Amino acid sequence: HVLRLKGYQIYDQLIMEEALFRGTKTNWLIMNEGTTEPTVVMGLSGKPDHLLHCDSVRHDGIKVIKRYSGGGTVVVDHDTLFVSIIGDGEFMKEYGVRLYPREIMGWTESFYKKVFSPSSSSPSSPSSSTSDDFALRENDYVFGAKKFGGNAQCITRDRWVHHTSFLFDYNPENMHNYLKLPTQAPSYRLSRPHIDFLCRLKDR
Amino acid sequence: EMLSTITRRATSVCSRATLTFNLSRSYSVKSGATYFTKDHEWIKVEANNIGTVGITDYAQNSLGDVVYVDLPKKGFQVKQKSTLAAVESVKAASDIYAPVSGEVTEVNEALTTEPALINKSSQKDGWIAKLKISEQGTKDFDNLLDQAAYDKHCKDSKH
């Protein structure tokens, strides 16, 4: 089933997703174009005092949500494109994929390559790849060395969710004001600040 | 009245004896032995109907580096195959299931500060919780695998 939403509150989306994930046996593709107000979303293990500039968050009245999946912390808003895939083990068996994180991400990388790969009208030869191409790099979706999508997963015995927040656009001030630089970061980040590490999907 | 009292006491003693007897009698349940689930949890049976639970080396290797463990609370009642805990690795939260029915009596607090113990020593220092095995739990062992059966299960899973 495909569910297309626009401006659905991310908190409500996560509640609905978890209900569909744990309470149904159906496969889902959920797309939501933006959430109504800037919101911080942390993963299962997120600790606000480690990850956030709490004073700024409180001062500006920013909502902070802890989601049911793993992964890092993001600031999302009306320019974020949310895409969630909810599936079952039987679906993955057809691809020979076991329900473990890296294997699921290997499958989602191939799925998104069909979405973000260079168009057929590009002068580049189909077999060549540029350093700016889409890839899954240390668990992030990137164009080249810049991240444009953060993803997270939740896995049970026979169900899985892979959800992504794509930065169609973003407000660098929100990142700067609310998010600390993470202590655990992928090696390709090279200690770059948010503005040098991220890119916008709308610029592609 | 005397007869009914004696009957109740005898039944009570027999029930306890049956519990112990089943736990130690069955060819597949031996105190000190370790049993496995098809979902790659292990349980090591100890004295006083206590089982120590964790995930296997196969599971920790498949999950990747564990960065967080969501431990259960003491007193938490579980049924076989219900969710006991969760681990986070490679941006994924993965459920860990109870191998048998029982009640959580102790959790491995070391995992709070050193979750990577699960990767380093999944079947020893990386234990997750201890369960007081219930009466149903003793029957649940019928659904578990011994080492040889588990090794075969892992081998078959890779193909």
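Residues numbered from 1 in each chain as written. Chains lettered and ligands numbered in written order. Predicted model: local features only at pLDDT ≥ 70, side-chain atom pairs only at ≥ 80, totals over all residues. Heavy atoms only, no water.

**Observations concerning the overall build of chain B**
Consideration 1: The helix and strand tally for chain B stands at six helices and nine strands.
Consideration 2: A total of 159 residues make up chain B; the buried ones form 48% of that total.
Consideration 3: Within chain B, residue pairs in contact and separated by at least 24 positions form 58% of the contacts whose partners lie at least 6 positions apart.
Consideration 4: Put simply, chain B shows about 8,500 Å² of open surface, and 52% of that area lies on carbon and sulfur atoms. (Helix = DSSP H or I, 4+ residues; strand = E, 2+ residues; numbered from the N terminus. Buried < 20%, exposed > 50% of the residue type's maximum accessible area, 1.4 Å probe, protein only. Contact = heavy atoms within 4.5 Å. Areas by Shrake-Rupley, 256 points an atom, 1.4 Å probe, with all protein chains shown as cover.)

**Let's talk about the confidence of the model for chain A**
All names here are of chain A.
Consideration 1: Overall, the predicted model of chain A reaches an average pLDDT of 90, with 93% of residues at or above 70.
Consideration 2: The spread of mean pLDDT over the elements of chain A runs between helix α7 (residues 194–197), the lowest at 84, and strand β2 (residues 28–33), the highest at 98.
Consideration 3: Low pLDDT, under 50, characterises residues 120–128; the stretch is placed with one contact to residues that sit more than four places away or in other chains. (pLDDT = per-residue confidence, 0-100.)

**Looking at the sheet that holds strand β4 (residues 63–66) of chain A**
In a beta sheet, neighbouring strands pair by backbone hydrogen bonds and run either parallel or antiparallel.
Residue and element names in this part refer to chain A.
Consideration 1: With mixed pairing, the three strands of this open sheet are ordered in space as β4-β3-β5. The sheet terminates laterally at β4 and β5 (74–76), the two strands that pair on one side only. Each strand axis lies, on average, 30 degrees off the axis of its neighbour in the sheet, ignoring direction.
Consideration 2: Pairing analysis gives four bridges linking strand β3 (residues 39–42) to β4, with the strands arranged parallel. Looking at the pairing, methionine 42 lines up with lysine 66 of β4. (Pairing = 2+ DSSP bridges. Axes fitted to C-alpha atoms, helices over the stretch in contact; angles between N-to-C directions.)

**What about the packing of aromatic side chains?**
Consideration 1: All told, the structure shown has 23 aromatic pairs over all chains when counted by the stated rule.
Consideration 2: Relative to Phe166(A), the ring of Tyr141(A) lies with its centre 6.2 Å away and its plane at 20 degrees, an arrangement referred to as stacked. You can see Tyr141(A) sitting in strand β8 (residues 140–143) and its partner Phe166(A) sitting in strand β10 (residues 159–167), a full 25 residues away along the chain.
Consideration 3: Ring pairs connect the aromatic residues Phe91(A), Tyr95(A), Trp107(A), Phe111(A), Tyr112(A), Phe116(A), Phe134(A), Tyr141(A), Phe143(A), Phe148(A), Trp160(A) and Phe166(A), which therefore count as one cluster.
Consideration 4: For the cation-ring pair, Arg157(A) lies above Tyr97(B), with the distance from its terminal atom to the ring centre recorded as 3.9 Å. (Phe/Tyr/Trp six-rings, centres within 6.5 Å; stacked < 30°, edge-to-face > 60°. Lys NZ or Arg CZ within 6 Å of the ring centre and 35° of its normal.)

**Here we look at the nonpolar core**
Consideration 1: In this structure, Ile43(B), Leu84(B), Ile118(B), Ile128(B) and Phe141(B) are the most contacted members of the largest nonpolar core, which totals 36 residues.
Consideration 2: Excluding anything up to four places from it in sequence, Leu84(B) contacts Val53(B), Pro72(B), Phe76(B), Val78(B), Ile96(B), Tyr97(B), Ala98(B), Val104(B) and Leu131(B).
Consideration 3: Ranked by size, the runner-up nonpolar core spans 19 residues in total, among them Ile85(A), Leu99(A), Phe116(A) and Tyr141(A). (Core = buried A, V, L, I, M, F, W, Y, C linked by side-chain atoms within 4.5 Å.)

**Details of the environment of Met16(A)**
Residues and elements named next belong to chain A.
Consideration 1: Structurally, methionine 16 is set in helix α1 (residues 10–23).
Consideration 2: Take methionine 16: its relative accessible area is 21%, and that puts it in the partly exposed class.
Consideration 3: Non-local contacts of methionine 16, meaning those with residues more than four positions away in its chain, are made with Leu3, Leu5 and Tyr8.

**What to know about the interface of chain A and chain B**
Often, the extent of an interface is quoted as the loss of accessible area upon association of its parts.
Consideration 1: Facing the 22 residues of chain A at the interface are 21 residues of chain B.
Consideration 2: Buried area between chain A and chain B, summed over both chains or domains, comes out near 1,800 Å², and the portion from carbon and sulfur atoms is 49%.
Consideration 3: Counting the surface chain A buries against chain B, the share from its top three residues, Leu44(A), Tyr100(A) and Arg157(A), is 34%.
Consideration 4: At the junction of chain A with chain B, the criterion picks out three salt bridges.
Consideration 5: Here Arg22(A) and Asp95(B) are joined by a salt bridge, their closest N and O atoms 3.5 Å apart.
Consideration 6: In this structure, the connection of chain A to chain B is made through 14 residue pairs in polar contact (both at pLDDT 80 or more).
Consideration 7: Elements that contribute at least two residues to the side of chain A that touches chain B include exactly α5 (101–116) and β9 (146–155) of chain A.
Consideration 8: Per element, the largest residue contribution to the side of chain A that touches chain B is six residues, and it comes from β9(A). (Buried area = accessible area lost by both parts, 1.4 Å probe. Salt bridge = Lys/Arg side-chain N within 4 Å of Asp/Glu carboxyl O. Polar contact = N/O pair within 3.5 Å; in protein donor to acceptor, adjacent residues only side chain to side chain.)

**Quick notes on the side chain of Asn32(A)**
Residues and elements named next belong to chain A.
Consideration 1: One can find asparagine 32 in strand β2.
Consideration 2: Note on asparagine 32: relative accessible area 0%, which makes it buried.
Consideration 3: Separated by 2.8 Å, the side chain of asparagine 32 and the backbone oxygen of tyrosine 8 make a polar contact.
Consideration 4: There is a polar contact of 2.9 Å between the side chain of asparagine 32 and the side chain of glutamine 13.
Consideration 5: Not counting residues up to four positions away in its chain, the partners in contact with asparagine 32 are Leu5, Lys6, Gly7, Tyr8, Gln13, Thr80, Leu81 and Phe82.

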